[in-house]
Structure formats: structure tokens, C-alpha cells
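Observations on the three-dimensional arrangement
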Amino acid sequence: MLATLVFIVCVVLFTIAFGRIFCGWICPQTIFMEMVFRKVEEWIEGDANKRKKLDAGPWTNEKRLKKSIKHVLFFGISFLIANTFLAYITGSENLIKIITEPISLHLVGFASIIVFTIAFYLVYTLVRELVCTVICPYGRLQEVMLDKQTLVVAYNDVRGEPRGKLSRNDNDLLNLKGDCIDCGLCVSVCPTGIDIRKGTQMECINCTACIDVCDEVMDKIHKPRRLIGFSLRMVFAIMKNYPLMAG
Ligand code: SF4
Ligand code: SF4
């Protein structure tokens, strides 16, 4: 009980200091989703914009082929994860017996492999980010654990606003626009589909995809990086109230 209490206190303290870093960088759900399943999806269907276009388009032969390859690979990876997961529960020797000996001797083990494979396949195909935004109790508790000193992924609205599309007629000296060119890429790449420019939101899992894509945009338009970056909430609150000081 003591160990459990220490663990819970550590988790809460860690979250207050570093925000949702666990969700973005340690949680197996995010790691498998972003580092394995999403990579496979990008490899077959392209980036977020191409995937949206493919999903909205008609069922052509190309779409059927891409979707079939993706789902076969997703099922195969889910099968591997299910076997690894089962090895943790039953021990690898027992898992090898389930795989190599007749099914009739290991009906429960065989059924477990099938059930876990289907469960992982459905989680990574259909449920996806709903695990982080709706189902996970740790995720639901995030907002009450963050305070003004918590490290969060944030958009620097002092620098970015007023946002506006880049125009050839913009004059650097007279330009009153902020650095955000309203390209929408930070929203397109966000796995939970939020617009970080609206402020810290419960759905943000600190995956940093929006930071990377915005940095690329800033490089292209020759502006400093980190319009979106890891920041302390407090710093942004002060900068918002005293923009001249921030400048
Ligand atoms: S990626 Fe950067 S420049 Fe583009 S909309 Fe988002 S914040 Fe603005
Ligand atoms: S807002 Fe940025 S860091 Fe947060 S989940 Fe979306 S892409 Fe990841």
C-alpha cells in the first residue's frame, strides 16, 4: 500500500511539473499509435492531408489496395503485440507451448491470442485517440493537475497574432501581422485534432507534432522557430499582460 501511495504521489507531482509528457512519450498506447501504426499509415496513405483526401474520395482500385494493405499490416502488428502481451502474463515458455502444441491442449490460451489481437486491432484502427481523450482516467484528470508553472505545449499568441495568410505584397516594415500564417498544418498533424492556438486543452497529449511542423513553416518563411513550443503557462500569462516586456 505504501509503494502504491508513493507511486500515486510521484505521478501527480511529475504531472504538475512536466504536464502530459507521460502521455506523449511513455504511454504504450501513444508509442504504438504514433511510432508504429501511424508510421505504417503514413507510409501507405501519405501525410494527414493526403489521408483525409483519400478517406473523402470514392472507392477506386487504388484506395481499395491501400486500405487492404494497411489493414492486413495493422492486423499482423496487432497479432505480434498480442503475443508479446500474453508472454508477459503467462511467461514466454507457456506462450511457445500455446503456439507449437495442438490447439485442443490450449483452448483458453489460443482464444486469448485471438481476443487480444482483435482488441488491439480495433483500438488502433477505430478507437485511436479516443483512448487518450475519453477513456483514459489519467488523461481525464490532467486539467485538475496542471497549474501555472506546469510545462505545456503552447502557441505564442503574442508573437503569432494577428494571424494572416502570407502575401507577396506584405511589406516587412509596415506589416502588422503576427508570425502565424494560418496555414493550418498544426491542426492537420495533431493526432487528437485540436487547434493548439486556442490554448491548452485537455486533449493535448504533448506529442509535439505541431511544434515540429510549425518549425518547418517558420524555416520556410525565414522567421524564428518555436512559435509553438514547450512553455510554462505562467510565462505566457505574463507575456500576454505585458507584451512590451516580452518584446
Ligand atoms: S503551423 Fe504555425 S504558422 Fe501554421 S497555422 Fe499553425 S501556428 Fe500558424
Ligand atoms: S496540440 Fe500539438 S502536442 Fe498537443 S496533441 Fe496536438 S499535435 Fe500533439
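Use the structure listed above.
Residues numbered from 1 in each chain as written. Chains lettered and ligands numbered in written order. Predicted model: local features only at pLDDT ≥ 70, side-chain atom pairs only at ≥ 80, totals over all residues. Heavy atoms only, no water.

1. Observations regarding helix 5 (residues 61-90)
Our working definition: Starting at the N terminus, helices and strands are each numbered in turn, a helix being any DSSP run of H or I of at least four residues and a strand any DSSP run of E of at least two. A helix is expected to span 1.5 Å for every residue after the first. We call two residues in contact when some of their heavy atoms are within 4.5 Å.
Between its first and last C-alpha atoms helix 5 spans 43 Å; for 30 residues at 1.5 Å apiece the expected length is 44 Å, and the two agree. Here the buried face of helix 5 lies against helix 3 (28-45), helix 4 (48-56), helix 6 (92-100) and helix 7 (107-127). The first or second residue beyond helix 5 is Gly91, which carries a positive phi of 95°.

2. Section: the packing of aromatic side chains
Put simply, the rule is: Working definition: rings of Phe, Tyr and Trp (its six-membered ring) pair if their centres are within 6.5 Å, and the pair is stacked with planes under 30 degrees apart, edge-to-face with planes over 60 apart, and tilted otherwise. Relative accessibility decides the category of a residue: with a 1.4 Å probe and only protein chains considered, values under 20% of the type maximum give buried, values over 50% give exposed, and everything between is partly exposed.
Inspection of every chain in the model, using the stated rule, returns eight aromatic pairs. Both rings, one in Phe37 and one in Phe74, keep their centres 4.9 Å apart while their planes meet at 85°; by these two values the pair is edge-to-face. Linking Phe37 in helix 3 with Phe74 in helix 5, this pair joins segments that are 37 residues apart in sequence. A relative accessible area of 0% means that Phe37 is categorised as buried.

3. Looking at the environment of Gly178
Relative to the elements of secondary structure, Gly178 occurs in the loop between helix 10 (157-160) and helix 11 (185-189). In this structure Gly178 comes out as buried when scored by relative accessible area, which is 11%. Gly178 has contacts with Arg159, Gly160, Glu161 and Pro162, leaving out every residue within four places of it along the chain.

4. As for the site of ligand 2
So the rule is basically this: Neighbouring residues are identified by heavy atoms, a residue being near a molecule or strand if any of them is within 4 Å of it. Amino acid classes used here: Ala, Val, Leu, Ile, Met, Phe, Trp, Tyr, Cys and Pro are nonpolar; Asp, Glu, Lys and Arg are charged; the rest, including Gly, are polar.
Taken together, 13 residues sit near ligand 2, with Cys190, Cys204, Cys207, Thr208 and Cys210 positioned nearest. Per-class residue counts for the shell around ligand 2 are ten nonpolar, three polar and no charged.

5. Considering the layout of surface pockets
The following threshold applies: Put plainly, a pocket is an open set of points on a 1 Å grid over the protein atoms alone with protein on both sides within 12 Å along at least five of seven lines, a cavity is a set where a 1.4 Å probe fits but cannot get out, and a lining residue has an atom within 4 Å of a point. Grid points are joined across faces, edges and corners, and a volume is the space filled by probe spheres set on the points.
A volume near 870 Å³ is recorded for the largest pocket. Along the wall of the largest pocket there are 34 residues; nearest its centre are Arg38, Glu42, Ala48, Arg51 and Val189. Sorting the residues of the lining of the largest pocket by element identifies helix 2 (21-25), helix 3, helix 4, helix 5, helix 11 and helix 12 (209-220) as the ones contributing at least two each. When residues of the lining of the largest pocket are assigned to their parent elements, the largest contribution, eight residues, is made by helix 3. Across the lining of the largest pocket, the residue classes break down as eleven nonpolar, seven polar and 16 charged.

6. Side note on the side chain of Asp195
Among the secondary structure elements, Asp195 is positioned in the loop between helix 11 and helix 12. Beyond its immediate chain neighbours, meaning those up to four positions away, Asp195 contacts Val187 and Gln201.

7. Re empty space enclosed by the protein
A full pass over the atoms with the stated rule returns four cavities of 30 Å³ or more. Considered as a void within the structure, the largest cavity measures approximately 100 Å³ in volume. Surrounding the largest cavity, 15 residues form its lining, Cys180, Cys183, Cys186, Cys214 and Leu227 being those nearest its centre. Broken down by secondary-structure element, the contributors of at least two residues to the lining of the largest cavity are helix 11 and helix 12.

8. Focus on the nonpolar core
To keep it simple, the criterion reads: We define a nonpolar core as any set of buried Ala, Val, Leu, Ile, Met, Phe, Trp, Tyr and Cys residues linked to one another through side-chain atoms lying within 4.5 Å.
Counting residues in hydrophobic clusters, the biggest one holds 18 residues, and the most contacted among them are Val153, Tyr155, Ile196, Cys210, Met218, Leu227 and Ile228. When contributions to this core are tallied by element, the ones reaching two or more residues are strand 1 (151-155) and helix 12. With six residues, the top contributor of residues to this core is helix 12. By size, the runner-up hydrophobic cluster in this structure holds eleven residues, among which are Val40, Phe74, Ile77 and Ile81.

9. Quick word on the packing of helix 3 against helix 5
Our working rule: Helix axes use the C-alpha atoms of the stretch in contact, all axes being lines fitted to C-alpha atoms, and the angles between their N-to-C directions lie in the range 0 to 180 degrees. Any angle that falls under 35 degrees is termed roughly parallel, while one over 145 is termed roughly antiparallel, one within 65 to 115 roughly perpendicular, and all others oblique. We call a crossing left-handed when the near helix sits turned anticlockwise from the far one by less than a right angle, and right-handed when that turn is clockwise.
Here helix 3 crosses helix 5 at 155°, and the two axes come no closer than 9 Å. With respect to helix 5, the element helix 3 is oriented roughly antiparallel. Both helix 3 and helix 5 take part in a crossing whose hand is right-handed. Across the interface between the two elements, Phe32, Val36, Phe37, Val40, Glu41, Trp43, Ile44 and Glu45 of helix 3 pack against Lys66, Lys67, Ile69, Lys70, Leu73, Phe74, Ile77, Ser78 and Ile81 of helix 5. Within the contact of helix 3 with helix 5, the residues separate by chemical class into eleven nonpolar, one polar and five charged.

10. What to know about the packing of helix 3 against helix 4
Their axes nearest at 9 Å, the elements helix 3 and helix 4 cross at an angle of 70°. Relative to helix 4, the element helix 3 is oriented roughly perpendicular. Where helix 3 crosses over helix 4, the handedness of that crossing is left-handed. Contact residues: Arg38, Glu41, Glu42 and Glu45 in helix 3; Lys50, Arg51 and Leu54 in helix 4.

11. A closer look at the site of ligand 1
In plain terms, the rule: By definition, a pocket or cavity contains a molecule when more than half of the molecule's atoms lie within 2 Å of the pocket's grid points.
Taken together, Tyr155, Cys180, Ile181, Asp182, Cys183, Gly184, Cys186, Arg197, Cys214, Met218 and Ile228 make up the full set of residues adjacent to ligand 1. Under a 2 Å grid-point criterion requiring more than half of the atoms, the pocket assigned to ligand 1 is the largest cavity. For the shell around ligand 1, the per-class residue count stands at eight nonpolar, one polar and two charged.

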